[in-house]
Amino acid sequence: MQLACWNLGWIVLAAAWLGPLPELATTSFAAHMTLHMAVVAVAAPLLAIAIAGKAWDPVIRSPRSFSPVPASVGELLIVWAWHAPGLHHWARHSAVGFVSEQGMFLAAGLWVWMSAFGGTAPRDRGRSAAGVIGLLLTSMHMTLLGALLVMSPRLLYMHHGRSELFTPIMDQHLGGAVMLVVGGIAFLAGGLWLTKDLVSLGRLEMGTHEG
């Protein structure tokens, strides 16, 4: 399973970065948000799950650097900063800006997902519990940002062009919906998966004590 996740994660990244999305994102906010979600909510968790528990898992070597809640806060700051109009415009129209943005998105995504799923196998119960909190916090801020973009009555990103299908404000609302649905669901699903592991571990420990 981990090998399949590793290969699929890199395939998603290649499709996101080498496909049509970067060019489309110069004029479409929805394309930008699809690219963003492909990196942080699809590729990052696949790569993190593939690395978790392996000899090169960074969480094993430096667990304090991969605390789930601080990682979630760090990811929040990175994501919200790059969606400020100035930085967003720079990333859409500068190769340096684009590489900087996408690199930080991938690093932030891996930081959060590795913090939640990484470490020794089987996962430590305390880390799994912290991972649940970290992923749910990330899901909440992704949902909040997506909702703000969907409900905004005015255009926040003035550089986006007008297409035959969507006006700029409709494009912005669609991009917010992508973040709201994909980002919120991905991080919520990760938190629920760790919750399931915690419940299973609790039942196992209860059975051991009773035996």
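Structure's up top.
These numbers come from a predicted model, not from an experiment.

Moving on to the overall build of the chain. A tally of helices and strands in the chain yields 9 helices and 0 strands. Over its C-alpha trace the chain gives a radius of gyration of 18 Å, about what one expects of a compact globule, namely 17 Å for 211 residues. For the chain, the C-alpha atoms occupy an extent of roughly 65 × 30 × 25 Å along the three principal directions. A buried classification covers 45% of the 211 residues belonging to the chain. In the chain, the share of contacts with a sequence separation of at least 24, taken over all contacts with a separation of at least 6, comes to 76%. Counting every atom, the chain has about 10500 Å² of accessible surface; 73% of that belongs to carbon and sulfur. Within the chain, one finds 11 positive and 10 negative side-chain charges whose respective centroids are separated by 5 Å.

One way to put it is that helix H1 (residues 2-18) packs onto helix H3 (residues 29-51) with a least axis distance of 7 Å and a crossing angle of 160°. Judged on the interaxial angle alone, H3 and H1 are roughly antiparallel. Two packed elements cross with a definite hand, and for H1 against H3 that hand is left-handed. In this structure, H1 uses Gln 2, Cys 5, Trp 6, Leu 8, Gly 9, Trp 10, Val 12, Leu 13, Ala 16 and Trp 17 to contact H3, whose residues at the interface are Leu 35, Ala 38, Val 39, Val 42, Ala 43, Leu 46, Leu 47, Ile 49, Ala 50 and Ile 51. Residues that form the contact of H1 with H3 fall into these classes: 18 nonpolar, 2 polar and no charged.

Here the focus is the pattern of salt bridges. In the structure shown here, the tally under the stated rule is 2 salt bridges. Of the charged contacts, one joins Lys 196 and Asp 197 as a salt bridge, the two residues approaching to 3.5 Å between their closest N and O atoms. According to the relative accessible area criterion, Lys 196 is partly exposed, its value standing at 41%.

Rules used in this analysis
- Positions within a chain are numbered from 1, following the residues in the order the chain's sequence is written.
- Totals for whole chains, interfaces and linings use every residue, but because this is a predicted model, local features are given only for residues with pLDDT of at least 70 and side-chain atom pairs only at 80 or more, for both listing and counting.
- Calculated side-chain values reflect all of the structure's heavy atoms, with hydrogen atoms and water omitted.
- Strands here are runs of E lasting at least two residues and helices are runs of H or I lasting at least four, both read from the DSSP assignment and numbered beginning at the N terminus.
- Each radius of gyration reported is based on C-alpha atoms, and the globular scaling rule is 2.2 Å times the count of residues to the power 0.38.
- The classification of residues rests on relative accessible area computed with a 1.4 Å probe and restricted to protein chains. Under 20% of the type maximum is buried, over 50% is exposed, and intermediate values are partly exposed.
- Between two residues, a contact is recorded if the distance between any of their heavy atoms is within 4.5 Å.
- Where accessible areas are quoted, they stem from the Shrake-Rupley method and a 1.4 Å probe; at the residue level, only the protein chains shown are allowed to cover.
- The convention is simple: Lys and Arg are positive, Asp and Glu are negative, and His and the chain ends are not counted.
- Working definition for charges: the position is that of NZ of Lys, CZ of Arg, CG of Asp or CD of Glu.
- Lines fitted to C-alpha atoms define the axes, with helix axes restricted to the stretch in contact, and inter-axis angles between N-to-C directions lie between 0 and 180 degrees.
- Each angle gets one of four labels, with under 35 degrees taken as roughly parallel, over 145 as roughly antiparallel, 65 to 115 as roughly perpendicular, and the rest as oblique.
- Note: crossing handedness is left-handed where the near helix turns anticlockwise from the far helix by less than a right angle, and right-handed where it turns clockwise.
- Charged residues are taken to be Asp, Glu, Lys and Arg, nonpolar residues to be Ala, Val, Leu, Ile, Met, Phe, Trp, Tyr, Cys and Pro, and polar residues to be all remaining types, Gly included.
- By salt bridge we mean one thing: a side-chain nitrogen of Lys or Arg within 4 Å of a carboxyl oxygen of Asp or Glu.

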